[in-house]
Amino acid sequence: MAESTAPGRAIIMTTTTEENVRTEEHMVAGDRLVERIKELVRQGNIRRIHVKNMEGRTLLEIPLTIGVVGAVLIPVWVALGAIAALAASYTIEVEKLEP
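Residues numbered from 1 in each chain as written. Predicted model: local features only at pLDDT ≥ 70, side-chain atom pairs only at ≥ 80, totals over all residues. Heavy atoms only, no water.

Looking at the element boundaries, N53 is found in the loop between β4 (46–52) and β5 (58–63). At 2.9 Å, the side chain of N53 forms a polar contact with the backbone nitrogen of R57. Leave out the neighbours within four places in its chain, and N53 touches L59 and Y90. (Helix = DSSP H or I, 4+ residues; strand = E, 2+ residues; numbered from the N terminus. Polar contact = N/O pair within 3.5 Å; in protein donor to acceptor, adjacent residues only side chain to side chain. Contact = heavy atoms within 4.5 Å.)

Dropping the structure here:
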């Protein structure tokens, strides 16, 4: 199911994997990858993020727990920047905790 969130951003699929956990997939251009993931992390209800290439292969998995912020994520941003330079578009799979 697709639902528009804002210009240039779309949730292309939403599923529920287990109780109180929802999975969303977002398509993003390579040059927006780091910025979009930072936006998602700021939401605060993210449990895990998977960055996948166009073939569906997971390139990076980012487990997020309560309290993971700031300097702890600097190596993640560096890795994302390197990955973003490799291709034109990616799928971000997000596991969200629902209240």
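Next up on the list: the confidence of the model for the protein chain. The pLDDT averaged across the protein chain works out to 75; a share of 71% of its residues lies at or above 70. Between residues 1–8, whose pLDDT stays under 50, and residues either more than four places distant or in other chains, the model counts 12 contacts. (pLDDT = per-residue confidence, 0-100.)

The biggest cluster of nonpolar side chains holds 18 residues, and the ones touching the most others in it are L33, I37, I49, V51, I62, L80 and I92. Where this core is concerned, the elements lending two or more residues are α1 (33–43), β4, β5, α2 (74–84) and β6 (89–97). The contacts of I92, once residues within four sequence positions are left out, are E24, E25, H26, V28, L33, R36, I37, L40, I49 and H50. (Core = buried A, V, L, I, M, F, W, Y, C linked by side-chain atoms within 4.5 Å. Buried < 20%, exposed > 50% of the residue type's maximum accessible area, 1.4 Å probe, protein only.)

Right, let's talk about the pattern of salt bridges for a bit. In total, this model carries 8 salt bridges according to the counting rule given. Here R36 and E39 are joined by a salt bridge, their closest N and O atoms 2.9 Å apart. With R36 and E39 both in helix α1 and 3 residues apart, this pair spans about one turn of that helix. Residue R36 shares its accessibility class with E39, and that shared class is buried. The shortest N-O distance in the salt bridge between E95 and R47 comes to 3.1 Å. With E95 in strand β6 and R47 in strand β4, this residue pair connects regions lying 48 residues apart in the sequence. In this structure R47 comes out as partly exposed when scored by relative accessible area, which is 25%. What emerges from the salt-bridge pattern is a single network uniting R47, R48, E61 and E95. (Salt bridge = Lys/Arg side-chain N within 4 Å of Asp/Glu carboxyl O.)

Inspection of the sheet shows β4 paired to β5 by 5 bridges, in the antiparallel sense. The residue bridging I49 from the neighbouring strand is I62, located in β5. (Pairing = 2+ DSSP bridges.)

Attention now moves to the environment of L40. Turning to its location among the elements, L40 is positioned in helix α1. Of the residues examined, L40 reaches a relative accessible area of 0% and is grouped as buried. In this structure the C-alpha to C-alpha distance between L40 and I92, which are 52 residues apart in sequence, comes to 9.9 Å. Residues contacting L40, with those up to four places away along its chain left out, are H26, I46, I92 and V94.

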